[in-house]
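A closer look at the structure
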Amino acid sequence: MGIHEAKALLDWYIELGADEAILDAPVNCYDLPNELPKAASARKPEQSGKPKVVAPVISQQEEAKNAFDAACKRAKEIAESCDTVEALKSAIESFDGCDLKKGARNTIFADGNPQASVMVIGEVPTLEEDRGGAPFIGAAGQMLDKMFAAIGLLRSSPDPETALYVSTVLPWRTPQDRPPNMQEIDMLRDFARRHIELADPKVVILMGNVPCQILLGKGNINRQRGRWTELNGRPTLPMLHPGRLLRTPAVKREAWVDLLALQAKLRDLT
């Protein structure tokens, strides 16, 4: 049979309704036997008797949440494992679970005397602090030094009773100096709390709105300032940030009142 005859025969089969050529013999579709021919049954997939395992589908949102939860857990474990201020500094510098670190030039940890009776915790690092690699530098830092020098406290003092230890509530600057989001706060809060525990000051000063929100769970620094509270078992005083005093000189009076309250508290604790 030539190719033309074969094609004509195939076309004829198609017109008759034959659309599968898989058996050696033709099958009458209107009179099928109870059992299919072996060639037809061979097309059926064999049943193994084991349930088919379907891999769970995890969305990108779920993956991101799982990664965030793991980073928070790791940060908490790292903070709790540190038993000195120096160990905590190294641990924070090595921590890679927070995206803020990727956009920051430096990790901002602390400045001053770690044995100081007074620990000051400021806002999220500014661009100037990020570039300089230290907290409270520039004009705001100079204002802070003048404020506390007025009651006899200096960063450079070797005597813990007259020394000052300063830090920021988060170790890295946020993009465009935006307020930190809840994920960043939840992830990094344990580092700040552990820092206070290891430095073990007599008094903690929270300067600005963000430190109060993160560590006390209370915002609105205008209402919180001047009101003694407690943090990690230590007397804590919220105060206006020195940058606020530079922008609004009229509030220097409130800052002076708070400094006198701090001086009285230290006198009582001596």
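The structure this text deals with has already been given above.
Values in this document were obtained by computation on a predicted structure and should not be read as measured data.

The rules behind these values
Residues numbered from 1 in each chain as written. Predicted model: local features only at pLDDT ≥ 70, side-chain atom pairs only at ≥ 80, totals over all residues. Heavy atoms only, no water. Helix = DSSP H or I, 4+ residues; strand = E, 2+ residues; numbered from the N terminus. Buried < 20%, exposed > 50% of the residue type's maximum accessible area, 1.4 Å probe, protein only. Contact = heavy atoms within 4.5 Å. Areas by Shrake-Rupley, 256 points an atom, 1.4 Å probe, with all protein chains shown as cover. Pairing = 2+ DSSP bridges. Axes fitted to C-alpha atoms, helices over the stretch in contact; angles between N-to-C directions.

Attention shifts here to the overall build of the protein. The number of helices and strands found in the protein is twelve helices and six strands. Among the 270 residues that make up the protein, the fraction classed as buried is 37%. Relative to all contacts within the protein whose residues are 6 or more apart in sequence, the contacts with residues 24 or more apart total 70%. Per element, the accessible surface of the protein, about 16,600 Å² overall, is 52% carbon and sulfur.

Within strand β2 (residues 118–122), five of the five residues are buried, leaving the element largely enclosed by the surrounding structure. Along β2, one buried face is formed by Val118, Val120 and Gly122 and the opposite face, lined by Met119 and Ile121, is buried too. As paired elements, β2 and strand β3 (residues 164–168) share five bridges and run parallel to each other. The residue of β3 that forms the bridge with Val120 is Val166. For β2 and strand β4 (residues 203–207), the ladder comprises four bridges, and the chain directions are parallel.

Spatially, the six strands line up as an open sheet ordered β1-β3-β2-β4-β6-β5, and their pairing is mixed. Every interior strand has two partners, whereas the edge strands, β1 (110–112) and β5 (229–231), have only one. Pairs of neighbouring strands in the sheet enclose a mean axial angle of 30°, with direction left out of account. Bridge analysis of β1 against β3 gives three bridges, and the strand direction is antiparallel. By the bridge assignment for β3, Asp111 is matched with Val166. In this fold helix α12 (residues 252–269) packs onto β2, β4 and β6 (234–239), with an angle of close to 170° to the strand it touches most, β6.

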